[in-house]
Amino acid sequence: MADHHRDNRGVLGGSGFGDRGYGGDHGQQQHHQQKQPAMMCALKAATAATAGGSMLVLSALILAGTVIALTVATPVLVIFSPVIVPAGIALALMAAGFVTSGGLGIAALSVFSWMYKYLTGKHPPGADQLDHAKARLASKARDIKEAAQNHVDQAQQG
C-alpha cells in the first residue's frame, strides 16, 4: 500500500517513541500544532464573513430595488389609475420590500451570531452536525486518495 508516505505519529501528534521528540522534529511539531488552530480559525472566520456578507449585500440590494421600483412605479400608477389603487399597490410593494430586506438582514445577523458562538467554542445548535459532516468529508477524501494511489501503483506495476 501507500503507507510509506503517511505520518506515523500518534493521535495526539507524538513521534511514535513515547512522545519524547526523537528524530529532532519536536520544535516542528509544536509549530504545526500552534499553526493548525489558527488556520482553522481563519478559515471559519472567512466562511462566516462570506456567508454573512453575502446576506447583507442581498438585503441591501433588495432594499435598493424596492426603493427604485417604488420611485418608477408610483408616478405611472398615479397617472393611469385612481388614487386609492396605486397607493395600495405602492404600500404593498413597500411593505414586501421592507419585510424581505429586514428578514434577510436578520438572517445575516443570525449567521454572524452563530459563527461567533462556534468560533468561541460555545457550541451553538448544529455544531455537532457540522463537525460530523466535516469528518465524513475528510474520511471520503482520504478513501479516494488511497484508491487513486492503489490504481497508480497497479498501473506502474502492470
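The structure under discussion appears in the preceding block.
Thresholds, definitions, all that
- Residues numbered from 1 in each chain as written.
- Predicted model: local features only at pLDDT ≥ 70, side-chain atom pairs only at ≥ 80, totals over all residues.
- Heavy atoms only, no water.
- Helix = DSSP H or I, 4+ residues; strand = E, 2+ residues; numbered from the N terminus.
- Buried < 20%, exposed > 50% of the residue type's maximum accessible area, 1.4 Å probe, protein only.
- Contact = heavy atoms within 4.5 Å.
- Areas by Shrake-Rupley, 256 points an atom, 1.4 Å probe, with all protein chains shown as cover.
- Phe/Tyr/Trp six-rings, centres within 6.5 Å; stacked < 30°, edge-to-face > 60°.
- Polar contact = N/O pair within 3.5 Å; in protein donor to acceptor, adjacent residues only side chain to side chain.
- 1 Å grid on protein atoms, 1.4 Å probe; cavity = no way out; pocket = protein on both sides within 12 Å on 5 of 7 lines; lining within 4 Å.
- Points joined across faces, edges and corners; volume = space filled by probe spheres on them.
- Nonpolar A, V, L, I, M, F, W, Y, C, P; charged D, E, K, R; others polar.
- Expected span 1.5 Å × (residues − 1).

### Overview of the overall build of the chain
Tallying secondary structure elements over the chain gives three helices and zero strands in all. Along the chain, helices (α) and strands (β) appear in the sequence α-α-α when read from the amino end. Scored against the burial criterion, the 158 residues of the chain give a buried share of 14%. Residue pairs at least 24 apart in sequence account for 56% of intrachain contacts in the chain once pairs closer than 6 positions are excluded. Element-wise, carbon and sulfur atoms account for 68% of the exposed surface of the chain, whose accessible area totals about 11700 Å².

### Comments concerning the packing of aromatic side chains
Tallied over the full model, the rule gives one aromatic pair. Here the aromatic rings of Trp114 and Tyr118 are separated by 5.2 Å at their centres, their planes lie at 10°, and the arrangement is stacked. Placement of both Trp114 and Tyr118 in helix 2 (residues 84–119) is noted, with a separation of four residues, approximately one turn of the helix. Taking relative accessible area as the criterion, Trp114 reaches 23% and is therefore assigned partly exposed.

### Focus: the side chain of Thr66
The topology assignment puts Thr66 in helix 1 (residues 26–80). Of the residues examined, Thr66 reaches a relative accessible area of 10% and is grouped as buried. A polar atom in the side chain of Thr66 sits 2.8 Å from the backbone oxygen of Ile62. Each residue touching Thr66, except ones within four places of it in the same chain, is listed here: Leu93, Met94 and Gly97.

### Details of the environment of Ala73
Within the secondary structure, Ala73 sits in helix 1. Given a relative accessible area of 23%, Ala73 falls into the partly exposed group. For Ala73 and Pro86, which are 13 residues apart along the polypeptide, the C-alpha to C-alpha distance reads 8.7 Å.

### Here's the deal with the environment of Met40
Tracing the backbone shows Met40 in helix 1. Owing to a relative accessible area of 26%, Met40 belongs among the partly exposed residues under this scheme. Sequence separation of Met40 and Leu119 is 79 residues, and the distance between their C-alpha atoms is 9.4 Å.

### A word on the layout of surface pockets
Considered as a void within the structure, the second largest pocket measures approximately 200 Å³ in volume. For the lining of the second largest pocket, the secondary-structure elements that each account for two or more residues are helix 1, helix 2 and helix 3 (127–157). The class makeup of the residues in the lining of the second largest pocket is eight nonpolar, one polar and two charged.

### Some remarks on helix 2
Given a rise of 1.5 Å per residue, 36 residues ought to cover 52 Å, and the 52 Å separating the end C-alpha atoms of helix 2 matches this to within 8%. Listed as buried for helix 2 are Pro86, Ala90, Gly97, Ser101, Gly105, Ala108, Met115 and Tyr118.

### A few points about unusual backbone geometry
At His123, a position not held by glycine, the phi torsion is positive, near 55°. Its location among the elements puts His123 in the loop between helix 2 and helix 3. Owing to a relative accessible area of 48%, His123 belongs among the partly exposed residues under this scheme.

### A few points about the environment of Thr100
The topology assignment puts Thr100 in helix 2. We classify Thr100 as partly exposed; its relative accessible area is 36%. Once the C-alpha coordinates of Thr100 and Ser59 are considered, the two residues, 41 residues apart in sequence, prove to be 7.5 Å apart. A polar contact of 2.8 Å, which involves the side chain of Thr100, links it to the backbone oxygen of Ala96.

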